[in-house]
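Examination of the molecular architecture
What follows is the residue order along each chain.
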Amino acid sequence: MTDQERQEAIAVMDGNELLETRICAFVQLPDGRAGAIWRGLAFPLSGKAGIDVGGPSVPLADCYPLRKPHRQFGIIDGEGEAYILLEGPSAACEAAASAVRGAGIAVLRTGRYLGEPLEGLDADWFIRIVRPDRSLSLNDVLAPLLGTQVASPATQPRDNLRARVLEAELLIGRAREAALQADLARLRMSAATSATEAGAQNALLEEALEKERRLRAEAELQAASSASRPRSNAPARLRDEIETVLTALLPRITLLRDSLNVVSTEYAGRRSLWRLLGELHGTTGALQGWRKVQGVDHWWERHVSNGQDDAGRIYARWNKERNWGVLVSHKCEQTRDIVWLSQH
(Lines give C-alpha, C1' and ligand atoms only; values in the text may rest on other atoms or scores of the structure.)
Protein backbone atom coordinates (compact mmCIF):
# COMPACT_ATOMS: atom_id res chain seq x y z
CA MET A 1 0.00 0.00 0.00
CA THR A 2 1.41 3.43 -0.95
CA ASP A 3 1.62 6.38 1.39
CA GLN A 4 -1.12 8.14 -0.59
CA GLU A 5 -3.44 5.15 0.07
CA ARG A 6 -2.62 4.92 3.76
CA GLN A 7 -5.59 3.83 5.89
CA GLU A 8 -5.93 3.23 9.61
CA ALA A 9 -8.62 2.60 12.18
CA ILE A 10 -9.39 5.86 13.97
CA ALA A 11 -11.87 7.10 16.54
CA VAL A 12 -14.72 9.12 15.02
CA MET A 13 -15.87 11.57 17.68
CA ASP A 14 -18.69 14.10 17.87
CA GLY A 15 -17.34 16.37 20.56
CA ASN A 16 -16.76 14.07 23.55
CA GLU A 17 -19.03 11.32 22.20
CA LEU A 18 -17.50 8.33 20.40
CA LEU A 19 -19.60 7.54 17.33
CA GLU A 20 -17.57 4.65 15.97
CA THR A 21 -14.13 3.30 15.22
CA ARG A 22 -13.60 3.11 11.48
CA ILE A 23 -10.82 2.49 8.96
CA CYS A 24 -10.37 5.79 7.12
CA ALA A 25 -8.08 6.98 4.33
CA PHE A 26 -5.71 9.85 5.11
CA VAL A 27 -5.13 13.04 3.10
CA GLN A 28 -3.23 16.31 3.52
CA LEU A 29 -5.41 19.35 4.24
CA PRO A 30 -4.77 22.68 2.47
CA ASP A 31 -3.07 24.10 5.58
CA GLY A 32 -0.58 21.21 5.62
CA ARG A 33 -2.13 19.18 8.44
CA ALA A 34 -3.04 15.52 8.08
CA GLY A 35 -6.73 14.66 7.80
CA ALA A 36 -8.96 11.61 7.55
CA ILE A 37 -11.87 11.04 5.17
CA TRP A 38 -15.26 10.33 6.73
CA ARG A 39 -18.54 10.36 4.75
CA GLY A 40 -17.06 12.32 1.84
CA LEU A 41 -15.34 15.05 3.85
CA ALA A 42 -11.84 15.44 5.31
CA PHE A 43 -11.48 16.19 9.03
CA PRO A 44 -8.23 17.18 10.75
CA LEU A 45 -6.65 14.48 12.88
CA SER A 46 -6.44 15.19 16.57
CA GLY A 47 -3.50 14.34 18.79
CA LYS A 48 -5.23 11.07 19.77
CA ALA A 49 -5.40 9.84 16.16
CA GLY A 50 -9.08 10.58 15.91
CA ILE A 51 -11.36 13.11 14.23
CA ASP A 52 -14.14 15.34 15.52
CA VAL A 53 -16.99 15.38 12.99
CA GLY A 54 -18.61 18.21 14.92
CA GLY A 55 -15.66 20.44 14.05
CA PRO A 56 -14.42 21.97 10.79
CA SER A 57 -14.15 19.88 7.62
CA VAL A 58 -12.72 20.34 4.12
CA PRO A 59 -14.08 19.19 0.72
CA LEU A 60 -11.95 16.45 -0.82
CA ALA A 61 -11.39 18.55 -3.94
CA ASP A 62 -9.34 20.98 -1.83
CA CYS A 63 -7.09 18.29 -0.34
CA TYR A 64 -3.82 16.73 -1.46
CA PRO A 65 -2.47 13.20 -1.33
CA LEU A 66 -0.98 12.58 2.09
CA ARG A 67 2.62 13.01 0.98
CA LYS A 68 2.48 15.86 -1.46
CA PRO A 69 5.88 17.22 -2.59
CA HIS A 70 7.24 20.01 -0.43
CA ARG A 71 5.22 23.19 -0.81
CA GLN A 72 6.66 25.74 -3.22
CA PHE A 73 6.00 29.36 -4.10
CA GLY A 74 7.22 31.98 -6.54
CA ILE A 75 7.93 35.68 -6.09
CA ILE A 76 7.52 38.62 -8.46
CA ASP A 77 9.22 41.43 -6.58
CA GLY A 78 8.38 45.08 -7.09
CA GLU A 79 9.04 48.59 -5.90
CA GLY A 80 6.63 48.82 -2.99
CA GLU A 81 4.66 45.63 -3.53
CA ALA A 82 5.25 42.01 -4.49
CA TYR A 83 3.32 39.02 -5.75
CA ILE A 84 3.48 35.59 -4.15
CA LEU A 85 2.58 32.83 -6.65
CA LEU A 86 1.08 29.53 -5.52
CA GLU A 87 -0.34 26.35 -6.99
CA GLY A 88 -3.20 24.22 -5.72
CA PRO A 89 -6.84 24.74 -4.77
CA SER A 90 -8.27 28.08 -3.65
CA ALA A 91 -8.17 26.94 -0.04
CA ALA A 92 -4.38 26.64 -0.28
CA CYS A 93 -4.21 30.28 -1.38
CA GLU A 94 -6.48 31.35 1.48
CA ALA A 95 -4.39 29.41 4.01
CA ALA A 96 -1.17 30.95 2.67
CA ALA A 97 -2.66 34.46 2.75
CA SER A 98 -3.70 33.89 6.35
CA ALA A 99 -0.17 32.77 7.24
CA VAL A 100 1.30 35.83 5.56
CA ARG A 101 -1.06 38.16 7.43
CA GLY A 102 -0.18 36.37 10.65
CA ALA A 103 3.46 37.28 10.05
CA GLY A 104 2.53 40.97 9.98
CA ILE A 105 2.65 41.42 6.20
CA ALA A 106 -0.19 43.45 4.64
CA VAL A 107 -2.13 41.44 2.04
CA LEU A 108 -3.72 43.68 -0.60
CA ARG A 109 -5.56 41.10 -2.67
CA THR A 110 -5.62 37.50 -3.82
CA GLY A 111 -6.72 36.20 -7.21
CA ARG A 112 -6.13 33.98 -10.22
CA TYR A 113 -2.59 34.14 -11.63
CA LEU A 114 -2.75 34.89 -15.38
CA GLY A 115 0.93 35.34 -16.20
CA GLU A 116 3.66 33.07 -17.50
CA PRO A 117 4.53 29.82 -15.72
CA LEU A 118 7.65 29.45 -13.61
CA GLU A 119 10.08 26.56 -13.95
CA GLY A 120 8.88 23.91 -11.50
CA LEU A 121 5.74 25.79 -10.46
CA ASP A 122 2.42 25.77 -12.31
CA ALA A 123 1.00 28.73 -10.41
CA ASP A 124 -2.76 29.04 -10.01
CA TRP A 125 -3.04 31.96 -7.58
CA PHE A 126 -1.35 35.19 -6.56
CA ILE A 127 -1.20 37.00 -3.25
CA ARG A 128 -0.44 40.69 -3.70
CA ILE A 129 1.34 42.11 -0.65
CA VAL A 130 2.89 45.35 0.57
CA ARG A 131 6.58 44.58 0.43
CA PRO A 132 8.29 44.39 3.84
CA ASP A 133 11.44 46.35 4.64
CA ARG A 134 13.89 46.07 1.73
CA SER A 135 16.71 45.36 4.14
CA LEU A 136 15.07 41.93 4.57
CA SER A 137 15.16 39.16 1.98
CA LEU A 138 11.60 38.47 0.87
CA ASN A 139 12.45 34.79 0.42
CA ASP A 140 13.85 34.59 3.98
CA VAL A 141 10.63 36.12 5.32
CA LEU A 142 8.28 33.86 3.34
CA ALA A 143 10.12 30.52 3.31
CA PRO A 144 9.27 29.60 6.93
CA LEU A 145 5.61 30.27 6.11
CA LEU A 146 5.23 28.84 2.59
CA GLY A 147 8.00 26.34 1.76
CA THR A 148 10.67 26.65 -0.93
CA GLN A 149 10.90 29.49 -3.44
CA VAL A 150 10.88 28.68 -7.17
CA ALA A 151 11.77 31.78 -9.16
CA SER A 152 13.03 30.89 -12.64
CA PRO A 153 10.65 32.05 -15.41
CA ALA A 154 9.97 29.69 -18.30
CA THR A 155 11.67 30.66 -21.55
CA GLN A 156 10.58 30.81 -25.16
CA PRO A 157 12.19 31.13 -28.61
CA ARG A 158 12.84 34.68 -29.76
CA ASP A 159 10.59 34.15 -32.82
CA ASN A 160 7.61 33.68 -30.54
CA LEU A 161 8.42 36.87 -28.64
CA ARG A 162 8.87 38.70 -31.96
CA ALA A 163 5.42 37.59 -33.11
CA ARG A 164 3.88 38.91 -29.89
CA VAL A 165 5.64 42.26 -30.30
CA LEU A 166 4.49 42.51 -33.94
CA GLU A 167 0.91 41.92 -32.86
CA ALA A 168 1.23 44.75 -30.35
CA GLU A 169 2.81 46.94 -33.05
CA LEU A 170 -0.22 46.46 -35.30
CA LEU A 171 -2.65 47.33 -32.51
CA ILE A 172 -0.67 50.43 -31.54
CA GLY A 173 -0.38 51.45 -35.20
CA ARG A 174 -4.12 51.26 -35.69
CA ALA A 175 -4.69 53.31 -32.54
CA ARG A 176 -2.27 56.00 -33.72
CA GLU A 177 -3.88 56.09 -37.15
CA ALA A 178 -7.32 56.49 -35.58
CA ALA A 179 -6.03 59.35 -33.41
CA LEU A 180 -4.53 61.09 -36.46
CA GLN A 181 -7.78 60.66 -38.38
CA ALA A 182 -9.67 62.26 -35.51
CA ASP A 183 -7.23 65.20 -35.37
CA LEU A 184 -7.54 65.68 -39.12
CA ALA A 185 -11.34 65.65 -38.93
CA ARG A 186 -11.34 68.21 -36.12
CA LEU A 187 -8.99 70.46 -38.07
CA ARG A 188 -11.16 70.36 -41.19
CA MET A 189 -14.24 71.26 -39.15
CA SER A 190 -12.55 74.08 -37.26
CA ALA A 191 -13.28 77.59 -38.43
CA ALA A 192 -11.10 79.27 -35.82
CA THR A 193 -7.85 79.18 -37.79
CA SER A 194 -6.91 80.97 -40.97
CA ALA A 195 -6.98 79.13 -44.27
CA THR A 196 -3.19 79.33 -44.58
CA GLU A 197 -2.54 77.94 -41.11
CA ALA A 198 -5.19 75.28 -41.52
CA GLY A 199 -3.68 74.26 -44.83
CA ALA A 200 -0.22 73.87 -43.30
CA GLN A 201 -1.54 71.80 -40.39
CA ASN A 202 -3.63 69.73 -42.79
CA ALA A 203 -0.54 68.90 -44.86
CA LEU A 204 1.43 67.87 -41.77
CA LEU A 205 -1.37 65.63 -40.54
CA GLU A 206 -1.80 64.05 -43.97
CA GLU A 207 1.95 63.32 -44.05
CA ALA A 208 1.89 61.79 -40.56
CA LEU A 209 -1.17 59.74 -41.43
CA GLU A 210 0.43 58.39 -44.60
CA LYS A 211 3.60 57.49 -42.66
CA GLU A 212 1.54 55.66 -40.04
CA ARG A 213 -0.30 53.71 -42.75
CA ARG A 214 3.00 52.74 -44.38
CA LEU A 215 4.50 51.55 -41.10
CA ARG A 216 1.36 49.53 -40.33
CA ALA A 217 1.47 47.89 -43.77
CA GLU A 218 5.12 46.91 -43.21
CA ALA A 219 4.26 45.46 -39.80
CA GLU A 220 1.41 43.44 -41.31
CA LEU A 221 3.80 41.94 -43.90
CA GLN A 222 6.30 41.04 -41.19
CA ALA A 223 3.58 39.54 -39.03
CA ALA A 224 2.33 37.40 -41.92
CA SER A 225 5.88 36.19 -42.58
CA SER A 226 6.40 35.40 -38.90
CA ALA A 227 3.08 33.54 -38.71
CA SER A 228 4.13 31.22 -41.54
CA ARG A 229 7.05 29.85 -39.50
CA PRO A 230 6.45 27.06 -36.99
CA ARG A 231 6.60 28.20 -33.38
CA SER A 232 7.14 26.50 -30.08
CA ASN A 233 4.27 26.21 -27.65
CA ALA A 234 6.53 27.43 -24.87
CA PRO A 235 4.94 30.26 -22.85
CA ALA A 236 5.75 33.87 -23.71
CA ARG A 237 8.14 35.94 -21.62
CA LEU A 238 5.56 38.60 -20.84
CA ARG A 239 7.92 41.00 -19.17
CA ASP A 240 10.24 40.86 -22.21
CA GLU A 241 7.28 41.52 -24.49
CA ILE A 242 6.01 44.46 -22.45
CA GLU A 243 9.42 46.09 -22.05
CA THR A 244 10.22 45.63 -25.76
CA VAL A 245 6.93 47.19 -26.85
CA LEU A 246 7.36 50.15 -24.51
CA THR A 247 10.95 50.85 -25.56
CA ALA A 248 10.51 50.38 -29.31
CA LEU A 249 6.93 51.50 -29.95
CA LEU A 250 5.82 53.65 -27.03
CA PRO A 251 8.85 55.71 -25.94
CA ARG A 252 6.57 58.46 -24.58
CA ILE A 253 4.94 56.04 -22.12
CA THR A 254 6.60 55.43 -18.74
CA LEU A 255 5.06 52.76 -16.51
CA LEU A 256 5.06 53.82 -12.86
CA ARG A 257 5.37 51.99 -9.56
CA ASP A 258 4.63 48.26 -10.03
CA SER A 259 2.60 48.57 -13.25
CA LEU A 260 4.84 46.11 -15.12
CA ASN A 261 4.22 43.43 -12.50
CA VAL A 262 0.46 44.07 -12.55
CA VAL A 263 0.29 43.63 -16.33
CA SER A 264 2.46 40.51 -16.37
CA THR A 265 0.62 38.90 -13.44
CA GLU A 266 -3.05 39.91 -13.67
CA TYR A 267 -3.65 40.41 -17.41
CA ALA A 268 -4.77 37.42 -19.50
CA GLY A 269 -4.61 39.61 -22.64
CA ARG A 270 -3.15 43.01 -23.48
CA ARG A 271 -4.96 44.00 -26.69
CA SER A 272 -7.09 46.67 -24.98
CA LEU A 273 -4.06 47.94 -23.06
CA TRP A 274 -1.95 48.37 -26.20
CA ARG A 275 -4.74 50.21 -28.01
CA LEU A 276 -5.22 52.66 -25.16
CA LEU A 277 -1.49 53.26 -24.72
CA GLY A 278 -1.19 53.79 -28.49
CA GLU A 279 -3.89 56.47 -28.37
CA LEU A 280 -2.24 58.04 -25.33
CA HIS A 281 1.17 58.07 -27.00
CA GLY A 282 -0.20 60.13 -29.89
CA THR A 283 -1.61 63.04 -27.90
CA THR A 284 -0.48 65.72 -25.44
CA GLY A 285 -3.79 67.43 -24.74
CA ALA A 286 -7.22 66.55 -23.38
CA LEU A 287 -7.92 62.83 -23.61
CA GLN A 288 -11.01 61.54 -25.40
CA GLY A 289 -12.85 58.83 -23.47
CA TRP A 290 -10.86 59.50 -20.27
CA ARG A 291 -12.07 61.30 -17.17
CA LYS A 292 -10.22 63.45 -14.67
CA VAL A 293 -9.44 61.81 -11.34
CA GLN A 294 -11.59 63.55 -8.76
CA GLY A 295 -9.65 65.43 -6.14
CA VAL A 296 -6.26 64.93 -7.84
CA ASP A 297 -4.89 67.53 -10.26
CA HIS A 298 -3.55 66.62 -13.72
CA TRP A 299 -4.34 62.88 -13.55
CA TRP A 300 -6.66 61.10 -16.01
CA GLU A 301 -8.37 57.75 -15.52
CA ARG A 302 -9.81 55.06 -17.79
CA HIS A 303 -11.13 51.52 -17.50
CA VAL A 304 -9.21 48.84 -19.39
CA SER A 305 -9.92 45.18 -20.07
CA ASN A 306 -7.49 42.70 -18.51
CA GLY A 307 -8.48 40.03 -21.03
CA GLN A 308 -11.24 38.66 -18.80
CA ASP A 309 -13.26 41.63 -17.54
CA ASP A 310 -13.22 45.42 -17.34
CA ALA A 311 -11.70 45.56 -13.86
CA GLY A 312 -8.37 47.07 -14.99
CA ARG A 313 -7.62 50.74 -14.41
CA ILE A 314 -5.14 53.11 -16.08
CA TYR A 315 -4.11 56.47 -14.64
CA ALA A 316 -2.09 58.87 -16.82
CA ARG A 317 -0.39 62.25 -16.40
CA TRP A 318 1.58 64.38 -18.90
CA ASN A 319 4.79 65.35 -17.10
CA LYS A 320 7.63 67.81 -17.44
CA GLU A 321 9.80 65.24 -19.26
CA ARG A 322 7.20 65.49 -22.05
CA ASN A 323 5.98 61.95 -21.73
CA TRP A 324 3.05 60.16 -20.12
CA GLY A 325 3.51 58.66 -16.69
CA VAL A 326 1.11 55.71 -16.50
CA LEU A 327 -0.04 53.65 -13.54
CA VAL A 328 -1.74 50.35 -14.43
CA SER A 329 -3.76 48.86 -11.60
CA HIS A 330 -7.04 47.19 -10.59
CA LYS A 331 -10.35 48.67 -9.45
CA CYS A 332 -9.94 47.04 -6.02
CA GLU A 333 -6.88 49.22 -5.43
CA GLN A 334 -8.57 52.49 -6.43
CA THR A 335 -8.65 54.12 -3.00
CA ARG A 336 -5.01 53.25 -2.35
CA ASP A 337 -3.99 54.30 -5.87
CA ILE A 338 -5.62 57.73 -5.58
CA VAL A 339 -3.67 58.37 -2.39
CA TRP A 340 -0.49 57.52 -4.29
CA LEU A 341 -1.49 59.75 -7.26
CA SER A 342 -2.09 62.69 -4.92
CA GLN A 343 1.50 62.34 -3.67
CA HIS A 344 3.00 62.20 -7.18
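Presented here is a report on the structure given in the accompanying data block. Residue positions within a chain follow its written sequence, with the count starting from 1. A pLDDT threshold of at least 70 governs which residues receive local features in this predicted model, and a stricter bar of 80 or more applies before side-chain atom pairs are shown or counted, although totals over entire chains, interfaces and linings include all residues. Each side-chain value is derived from all of the structure's non-hydrogen atoms; neither hydrogens nor water enter the calculation.

**Section: the sheet that holds strand 13 (residues 291-292)**
Any two strands with at least two DSSP bridges between them are considered paired. Secondary structure is summarised from DSSP: a helix means a run of H or I of at least four residues, a strand means a run of E of at least two, and numbering begins at the N terminus for each. Judged by pairing direction, the sheet is mixed, and its five strands sit side by side in the order 12-16-15-14-13 without closing on themselves. Each of the sheet's edge strands pairs with one partner strand only, and the pair in question is strand 12 (253-255) and strand 13. Here strand 12 pairs with strand 16 (residues 324-330) via three bridges, running parallel. For Ile253, the partnering residue across the bridge sits in strand 16 and is Trp324. Contacts: residue pairs with any heavy atoms within 4.5 Å of one another. Note on definitions: angles span 0 to 180 degrees between N-to-C directions of axes, and those axes are lines fitted to C-alpha atoms, for helices only across the stretch in contact. Docked against the sheet, helix 7 (residues 271-281) engages strand 12, strand 14 (300-304), strand 15 (312-318) and strand 16, running at close to 155 degrees with respect to strand 14. Sitting on the sheet, helix 8 (residues 334-342) is in contact with strand 14, strand 15 and strand 16, with an inclination near 160 degrees to strand 16.

**Side note on empty space enclosed by the protein**
Here a cavity means grid points, on a 1 Å grid over the protein atoms only, where a 1.4 Å probe fits yet cannot get out; a pocket means an open set of points with protein on both sides within 12 Å along at least five of seven lines; lining residues are those with an atom within 4 Å of a point. Grid points are joined across faces, edges and corners, and a volume is the space filled by probe spheres set on the points. Under the counting rule described, the total for this entry stands at one cavity of 30 Å³ or more. Estimated volume of the largest cavity: approximately 30 Å³. Contributing to the lining of the largest cavity are Val262, Glu266, Tyr267, Asn306, Gly312, Ser329 and His330. Sorting the residues of the lining of the largest cavity by element identifies helix 6 (259-266) and strand 16 as the ones contributing at least two each. The residue makeup of the lining of the largest cavity, split by class, is two nonpolar, four polar and one charged. Each residue receives one of three labels: charged for Asp, Glu, Lys and Arg, nonpolar for Ala, Val, Leu, Ile, Met, Phe, Trp, Tyr, Cys and Pro, and polar for the others, Gly being one of them.

**Some thoughts on the pairing of strand 16**
When accessible area is computed with a 1.4 Å probe and restricted to protein chains, residues below 20% of their type maximum are described as buried, those above 50% as exposed, and intermediate ones as partly exposed. Within strand 16, seven of the seven residues are buried, leaving the element largely enclosed by the surrounding structure. Burial of the side chains of strand 16 extends over both faces: Trp324, Val326, Val328 and His330 are buried on one face and Gly325, Leu327 and Ser329 on the other. As defined by bridge partners, strand 15 adjoins strand 16 across seven bridges and the pair is classed as antiparallel. Bridge pairing in strand 16 links Trp318 to Trp324. Connecting strand 15 to the antiparallel partner strand 16 that follows it, the hairpin turn spans five residues, and Arg322 within it adopts a positive phi of roughly 60 degrees.

**Quick look at the pairing of strand 8 (residues 81-86)**
Taken across its six residues, strand 8 has six buried, putting it largely inside the fold. Burial along strand 8 is two-sided: Glu81, Tyr83 and Leu85 facing one way and Ala82, Ile84 and Leu86 facing the other are all buried. As judged from the four bridges shared by strand 7 (residues 72-77) and strand 8, these two strands associate in the antiparallel manner. When the bridges of strand 8 are listed, Gly74 appears paired with Leu85.

**Here's the deal with the packing of aromatic side chains**
Two rings from Phe, Tyr or Trp (for Trp, the six-membered ring) form a pair when their centres are within 6.5 Å of each other. A pair whose planes differ by under 30 degrees is stacked, one over 60 is edge-to-face, and the rest are tilted. All told, the structure shown has three aromatic pairs when counted by the stated rule. In this structure, Arg257 packs its charged tip against the face of Trp340, placed 5.2 Å from the ring centre. By the criterion adopted, a ring carries a charge over it if an Arg CZ or a Lys NZ lies within 6 Å of its centre and within 35 degrees of its normal.

**With respect to the pattern of salt bridges**
Within this document, salt bridges are pairs made up of a side-chain nitrogen of Lys or Arg and a carboxyl oxygen of Asp or Glu, the two lying within 4 Å of each other. Within the structure shown, the criterion is met by 13 salt bridges. Arg131 is the partner of Asp77 in a salt bridge, and the nearest nitrogen-oxygen pair spans 2.8 Å. Taken as a pair, Asp77 in strand 7 and Arg131 in the loop between strand 10 (125-130) and helix 2 (138-146) lie far apart in primary sequence, 54 residues in all. For Arg131, a relative accessible area of 12% translates into the label buried. Residues joined in a network through salt bridges with shared partners are Glu81, Arg109, Arg128, Arg257, Glu266, Glu333, Arg336 and Asp337.

**Details of the sheet that holds strand 6 (residues 58-59)**
Strand order in this open sheet of six strands is 5-1-2-3-4-6, and the pairing throughout is mixed. The sheet is open, and its two borders are formed by strand 5 (50-52) and strand 6, each paired with just one other strand. Pairing between strand 1 (residues 7-14) and strand 2 (residues 17-28): eight bridges, direction antiparallel. In the sheet register, Ala9 faces strand 2, and the bridge partner there is Ile23.

**Comments concerning the nonpolar core**
The biggest cluster of nonpolar side chains holds 32 residues, and the ones touching the most others in it are Leu85, Leu250, Ile253, Leu277, Leu280 and Val326. Contributions of two or more residues to this core are made by strand 8, helix 5 (238-249), helix 6, helix 7, strand 14, strand 15 and strand 16. Among all residues touching Ile253, those that are not within four sequence positions of it are Leu246, Leu277, Leu280, His281, Trp324 and Val326. For the purposes of this section, nonpolar cores are sets of buried Ala, Val, Leu, Ile, Met, Phe, Trp, Tyr and Cys residues that join through side-chain atoms within 4.5 Å. Leu86, Ala96, Ala97 and Leu138 belong to the second largest nonpolar core, which has 17 residues in total.

**Brief notes about helix 8**
Taken residue by residue, helix 8 has Asp337, Trp340 and Leu341 as its buried positions. Burial along helix 8 is one-sided: seen end-on, the buried residues are contained in an arc of 100 degrees. On its buried face, helix 8 sits against strand 15 and strand 16. It is the directions from the helix axis to the C-beta atoms whose arc is reported.

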